[in-house]
Amino acid sequence: MADKNFIVDSIDNLSIKMKELREAQREFASYSQEQVDKIFYEVAMAANKARFLLAKMAVEETGMGVLEDKVIKNHYAAEYIYNAYKDTKTCGVIEEDKIFGIKKIAEPIGVIAAVIPTTNPTSTAIFKILLALKTRNAIIISPHPRAKDCTNYTAKMLLEKAVEAGAPKGIIGWIDVPSLELTNEVMHEADIILATGGPGMVKSAYSSGKPAIGVGAGNTPVIIDETADIKMAVNSIIHSKTFDNGMICASEQSVTVPDSIYNEVKKEFAYRGCYFLKKDELDKVRKTIIIGGSLNAKIVGQSAFKIAEMAGVSVPENTKILIGEVESVDISEEFAHEKLSPVLAMYKAKTFDEAIAKAERLVADGGYGHTSAIYIDVNQKEKLAIHEKAMKTCRILVNTPAAHGGIGDLYNFKLAPSLTLGCGSWGGNSVSENVGVKHLINIKTVAQRRENMLWLRTPEKVYFKRGCLPVALDELGNIMHKKRAFIVTDTFLYKNGYTEVITNKLDEMGIRYTCFYDVTPDPTLQCAREGVKAMTSFEPDVIIALGGGSAMDAAKIMWVMYEHPEVNFEDMAMDFMDIRKRVYTFPKMGQKAYFVAVPTSSGTGSEVTPFAIITDADTGIKWPIADYEILPNMAIVDVDNMMDQPKGLTAASGIDVLTHALEAYVSIMATDYTDGLALRAMKLVFDYLPSAYENGSGDPIAREKMADASCLAGMAFANAFLGVNHSMAHKLGAFHHIAHGLANAVILTRVMRYNAVDVPTKMGTFPQYDYPKAKARYIEAARYCGVTGKNDDEIFENFINKIEELKRIIGVKETIALYGVEEKYFLDTLDEMSEQAFNDQCTAANPRYPLISEIKELYLDAYYGR
Amino acid sequence: MDLTNKKLILERKHKKVYESNDCIIKSFSKEHPKSDVFNEALNQARIEETGLNVPKVLAVEEMDGGWAIIMLKKNGKTLKEIMESDKENIRKYMDMFVDIQLDINSKSSPLLNRMNLKFGRQINELKELSATIRYELLTRLDGMKKHTKICHGDFNPSNVLIGDDGEISIIDWSHATQGNAAADAANTYLLFALEDKELADMYMDIYCKKSDTAKQYVQKWLSIVAAQRLSKHVETEKELLMQYIDVVDYL
């Protein structure tokens with residue numbers, strides 16, 4: 001565009017201009033922060049220097065407002081905006097956190113369409129141009145026809161300064177001959193719209209299909225509370241309302257005053273030069289300010305004297321504000337409108353609530369989202385809270401002149417300085433704050449892969465070795481000084497004297513105790529409630545759970561209900577993807593009692609796990625509870641309690657241990673910390689389960705090694721969790737009553753084959769699980785357990801064979817059918833069982849994320865042995 | 001169609017209206033564009049098809065060097081005459097008048113001219129308004145909701161005929177468009193207000209109540225319809241219309 005006479009007065013020329021702006025902006029986008037800051041500085045300086053000239057031009061051209069006040073607005077737009085953003089990073093990397101691998105990069109948006117109103121034709125132009133330059137955007141100014149000369153002059157002058165300071169030529173453009181057609185075209189063509197104007201303009205902006213930051217009408221209501229400093233309040237209102245003849249959209253439009261101070265407020269207004277309209281004068285002014293429901297353009301930005309004159313009312317020439325004492329807040333009352341002039345409505349209210357109701361209505365009818373104000377003693381916290389709650393405005397100003405307060409940083413310090421005030425969704429805006437540079441940049445967030453912290457959580461004390469039970473219990477008395485112990489166990493153990501070692505020791509230490517021995521296998525909520533009843537009346541400071549998984553699980557549940565009677569099981573049973581982020585927060589445990597777990601079978605590992613399962617006998621629902629809060633405080637693994645386990649139990653619980661270890665080892669949450677525990681546990685099972693099964697108490701070493709294996713595997717899966725093998729076994733137990741350990745065993749090698757593929761349908765989701773590696777993990781485990789072979793595949797096969805052989809030795813059946821599950825019933829329940837298994841908490845940690853159809857196939861294969 | 005005994009009943013600058021036994025003949029001057037005449041006939045035919053009771057178009061033909069629309073005559077007195085002769089019952093007539101307008105608004109005719117386009121064109125052509133005022137008006141028009149309700153465009157009691165048997169018919173559809181009914185109401189209000197402010201206010205109250213419309217919603221259209229009316233260049237109306245026109249949307 002070499003032609004000096006080129007002007008934007010048509011769609012064709014506008015498209016040439018837009019092209020030029022785009023080119024300039026492309027260049028500008030590569031500027032550094034230093035280059036941008038220099039331009040920002042020079043242009044702010046130039047605008048500041050020209051503040052008087054621009055103010056004068058604005059008043060002359062529009063015939064509205066007050067020259068001296070417009071100087072302040074220009075000054076503000078240059079100085080406050082520069083000051084607020086001079087050190088703000090707007091180019092390139094603006095934020096970086098290397099530890100978390102997060103980087104934020106600011107990019108310009110492109111071309112900003114800036115619609116400039118006639119009320120602030122130069123200051124708004126300065127404001128928007130400065131924001132655009134600071135953010136490396138191009139800007140095209142669409143002036144109001146009434147103010148086009150001064151607005152465009154501002155743009156032209158600042159463009160020259162910007163280019164002198166190094167900005168690309170043509171980075172600022174403007175429409176020379178404004179028309180609605182061109183304004184709409186600009187809004188369509190730009191990348192973002194900064195629209196300041198009436199509802200019509202804002203609507204056009206939003207319907208242009210481009211993101212728009214528009215502002216709407218205000219109808220700022222002010223309440224003067226009876227606790228207010230009246231002199232300060234009245235003079236602040238006058239100061240703000242007369243500023244630029246009331247043309248700032250945040251200006252006060254009405255003031256509501258309680259009965260008790262009404263006369264005093266009125267006196268102060270009158271004393272300071274405001275004119276109270278008399279009855280007949282009120283109607284004359286009404287007809288002058290609003291015509292057919294709309295604001296008369298002729299009064300906008302005029303002085304009180306001039307408006308009175310137009311209405312045929314004679315007032316002193318230096319009158320500051322025309323005040324109409326009116327009653328209705330309905331829109332049919334002319335004084336209830338936004339008046340953009342020194343005309344103010346004044347209402348009397350009997351109560352504070354009435355004043356609030358009036359303000360609410362005024363906001364609803366004319367200024368949703370804009371600004372409201374209150375004058376009050378700031379110690380009136382209750383009233384302030386009521387006001388804050390009631391006002392649907394994005395700025396609520398306290399003891400502040402609204403025009404000066406709303407634009408920010410002048411009568412307050414943390415409200416952003418701005419001449420474009422967002423009104424939120426209430427005002428149909430996308431922004432509810434004062435608009436600033438952050439609204440004119442796109443922020444790219446670069447996020448590097450990070451793995452969240454992992455953990456190893458175990459009971460603070462795990463004691464083991466044959467005969468250690470009384471030794472370990474000694475701590476309860478001699479170190480912890482516990483006074484009252486509550487023992488939870490089952491009838492068999494109780495009747496056969498298994499509790500005696502404990503009670504003798506407690507007697508010796510003088511600890512009082514009671515014993516609840518009604519725990520049944522698959523403990524019920526009803527049973528736990530019984531126990532809690534006894535517990536609540538006994539008030540123990542230590543709970544000792546003695547038994548297999550059932551007694552320990554029941555005791556954990558009683559512990560929760562004893563400490564937190566208010567808890568809801570449905571909430572506590574909430575599943576999780578990451579136990580740290582679960583929706584439900586588990587209550588804090590251990591405030592009433594210390595928890596000791598003493599296992600009598602070598603299988604569940606419940607003495608060291610954060611898990612418990614309880615069945616509601618009324619509904620049949622099983623509630624699996626998982627949280628580290630229910631991890632026992634002390635675990636005592638003394639094989640003396642396990643010597644006489646029946647053969648069946650040894651087999652079922654023994655193979656359960658192997659499943660725990662294998663699943664924890666291939667889990668997506670397995671860590672080096674759990675791997676050692678899992679590997680050792682599985683090796684012990686292979687080495688000692690056959691003899692423990694065959695010889696029972698005849699081989700106390702094997703018994704003890706199995707007790708250790710159970711506890712080690714428990715600690716492994718307490719942290720690495722399990723997998724789909726357990727999910728499926730849980731449902732085989734629930735639907736077909738196969739003992740848990742055997743249910744695990746009957747599908748174990750099938751699930752291993754299913755997991756051991758390098759191309760699974762889907763992989764489990766956890767950042768540390770970086771590629772499918774279940775097969776390699778199984779082989780690693782196999783080698784540790786002494787399996788050999790000429791290659792990986794053979795080792796895997798031999799590992800499977802070793803497990804199958806172990807199963808044979810301890811009498812695990814080959815198929816589900818062999819456990820007496822009727823075929824028709826199995827097939828009828830298969831879909832439901834498969835879905836429930838998929839949805840089991842254990843599934844989440846499986847290395848292969850299963851499809852329901854795959855689970856179904858696995859079940860079928862295991863049923864028929866195919 | 002019996003055009004014998006036609007007698008002149010109205011004469012305007014560009015048209016003469018004759019009445020015959022069973023027809024009305026709207027005959028336009030030579031200068032009046034042919035397309036305008038056909039367009040008016042087309043408009044009326046479209047309204048006919050909506051089921052509203054309007055004079056049936058019978059023919060468009062050449063007459064005295066220009067073009068004429070011939071339509072079936074509707075008999076009766078205008079509502080305006082009735083209102084003037086029976087002032088006591090004026091409220092009742094106004095009720096009826098608003099009901100008729102709401103009935104019109106309830107109809108649609110997808111091919112009818114678009115109100116917003118027509119208004120925009122008319123405002124753009126109003127060179128006696130300053131660019132600033134035209135800009136304000138167009139911005140306001142642009143922000144208005146664009147509906148597709150049939151709007152008569154010149155709905156006033158003189159365009160409603162009441163037959164001896166009570167049959168109601170609506171005439172003069174040359175300004176009909178599809179658009180926002182509140183604009184049509186604002187236009188009717190203005191037509192009343194140009195003659196009688198009190199009657200205008202009565203109309204506004206009844207219209208807003210019956211249509212469940214907020215008054216300010218209708219009022220928002222006043223400046224636009226006033227500008228449109230200004231294009232008729234009636235010197236005596238100019239001052240009042242300018243008052244309605246020179247208003248601002250909140251800035």
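Computed from a prediction, not measured in an experiment: that's the story for all the values here.

**Re the domain arrangement of chain A**
All names here are of chain A.
Working step 1: Segmentation of chain A into domains returns domain 1 (11-214), domain 2 (220-417) and domain 3 (459-642).
Working step 2: One C-alpha centre belongs to domain 1, the other to domain 2, and the line joining them spans 31 Å.
Working step 3: Contact residues are listed per partner, giving 10 residues for domain 1 and 10 residues for domain 2.
Working step 4: Along the lines of polarity and charge, the residues of the side of domain 1 that touches domain 2 split into five nonpolar, two polar and three charged.

**Observations concerning the sheet that holds strand E20 (residues 512-516) of chain A**
Residues and elements named next belong to chain A.
Working step 1: Taken in spatial order, the six strands make up an open sheet running E18-E25-E22-E21-E19-E20, and their pairing is parallel. Edge positions in the open sheet fall to strand E18 (461-464) and E20, since each of these has one partner strand only. Across this sheet, the average inter-strand angle for adjacent strands is 15°, counted without regard to direction.
Working step 2: Strand direction decides the pairing type here: strand E22 (residues 594-599) and strand E25 (residues 634-637), joined by two bridges, are parallel. Bridge pairing links Ala597 to Ala635 in E25.

**Brief notes about the sheet that holds strand E6 (residues 77-78) of chain B**
Residues and elements named next belong to chain B.
Working step 1: As summarised here, the arrangement of the three strands in space is E6-E8-E9, forming an open sheet in which the pairing is antiparallel. Where the open sheet ends on each side, the last strands, each with one partner, are E6 and strand E9 (168-170).
Working step 2: Where E6 and strand E8 (residues 160-162) come together, two bridges link them in antiparallel fashion. The residue bridging Thr78 from the neighbouring strand is Leu161, located in E8.

**With respect to the environment of Ala403 of chain A**
Residue and element names in this part refer to chain A.
Working step 1: You can see Ala403 is positioned in helix H15 (residues 402-406).
Working step 2: On the basis of neighbour count, Ala403 is assigned to the buried category, with 31 C-beta atoms found within 10 Å.
Working step 3: The spatial distance from the C-alpha of Ala403 to the C-alpha of Ile701 is 87 Å, given a sequence separation of 298 residues.
Working step 4: Beyond its immediate chain neighbours, meaning those up to four positions away, Ala403 contacts Ser240, Phe243, Ile248, Ala250 and Ser251.

**Considering the interface of chain A and chain B**
Working step 1: At the junction of the two partners, chain A supplies 30 residues and chain B supplies 22 residues.
Working step 2: Tallying contributions element by element places helix H8 (residues 199-207) of chain A first for the side of chain A that touches chain B, with five residues.
Working step 3: Grouping the constituent residues of the side of chain A that touches chain B by class yields 14 nonpolar, 12 polar and four charged.
Working step 4: Relative to strand E11 (residues 247-248) of chain B, strand E12 (residues 294-296) of chain A runs antiparallel, the two sharing two bridges. The residue of E11 of chain B that forms the bridge with Leu295 of chain A is Val248 of chain B.

**So, the nonpolar core**
Working step 1: Counting 200 residues, the largest nonpolar core has Ile112 and Ile129 of chain A as its most contacted members.
Working step 2: At nine residues, helix H6 (residues 181-193) of chain B tops the list of elements feeding residues into this core.
Working step 3: Not counting chain neighbours up to four residues away, the residues in contact with Ile112 of chain A comprise Ala132, Asn137, Ile139, Ala190, Ile192, Leu194 and Leu440 of chain A.
Working step 4: If you look at the next biggest cluster of nonpolar residues, it comprises 134 residues, including Ile557, Tyr665, Ala756 and Ile810 of chain A.

**With respect to the packing of helix H19 (residues 525-538) of chain A against helix H20 (residues 549-563) of chain A**
All names here are of chain A.
Working step 1: With their axes 9 Å apart at the nearest point, H19 and H20 run at an angle of 55° to one another. Considered as vectors, H19 and H20 are oriented oblique to each other. Read as a crossing pair, H19 and H20 show a hand that is right-handed. Contacts between H19 and H20 involve Cys527, Ala528, Gly531, Val532, Met535 and Thr536 from the former and Ala554, Ile557, Met558, Met561 and Tyr562 from the latter.
Working step 2: Tallied by class, residues from the contact of H19 with H20 come to nine nonpolar, two polar and no charged.

**Observations regarding the UniProt feature "domain: Alcohol dehydrogenase iron-type/glycerol dehydrogenase GldA" (unreviewed entry) in chain A**
Working step 1: Here, UniProt's "domain: Alcohol dehydrogenase iron-type/glycerol dehydrogenase GldA" (unreviewed entry) annotation points to residues 459-638 of chain A.
Working step 2: Regarding residues 459-638 of chain A, the helix share stands at 32% and the strand share at 22%, and the terminal C-alpha atoms are separated by 16 Å.

What counts as what
Residues numbered from 1 in each chain as written. Chains lettered and ligands numbered in written order. Predicted model: local features only at pLDDT ≥ 70, side-chain atom pairs only at ≥ 80, totals over all residues. Domains from an automatic or database assignment. Contact = placed C-beta atoms within 7 Å. Nonpolar A, V, L, I, M, F, W, Y, C, P; charged D, E, K, R; others polar. Pairing = 2+ DSSP bridges. Helix = DSSP H or I, 4+ residues; strand = E, 2+ residues; numbered from the N terminus. Axes fitted to C-alpha atoms, helices over the stretch in contact; angles between N-to-C directions. Buried ≥ 20, exposed ≤ 12 C-beta atoms within 10 Å, placed from the backbone. Core = buried A, V, L, I, M, F, W, Y, C linked by C-beta atoms within 7 Å. Parallel < 35°, antiparallel > 145°, perpendicular 65-115°, else oblique. Left-handed = near helix turned anticlockwise from the far one by under 90°. UniProt positions renumbered as here; feature names shortened; annotations may be inferred.

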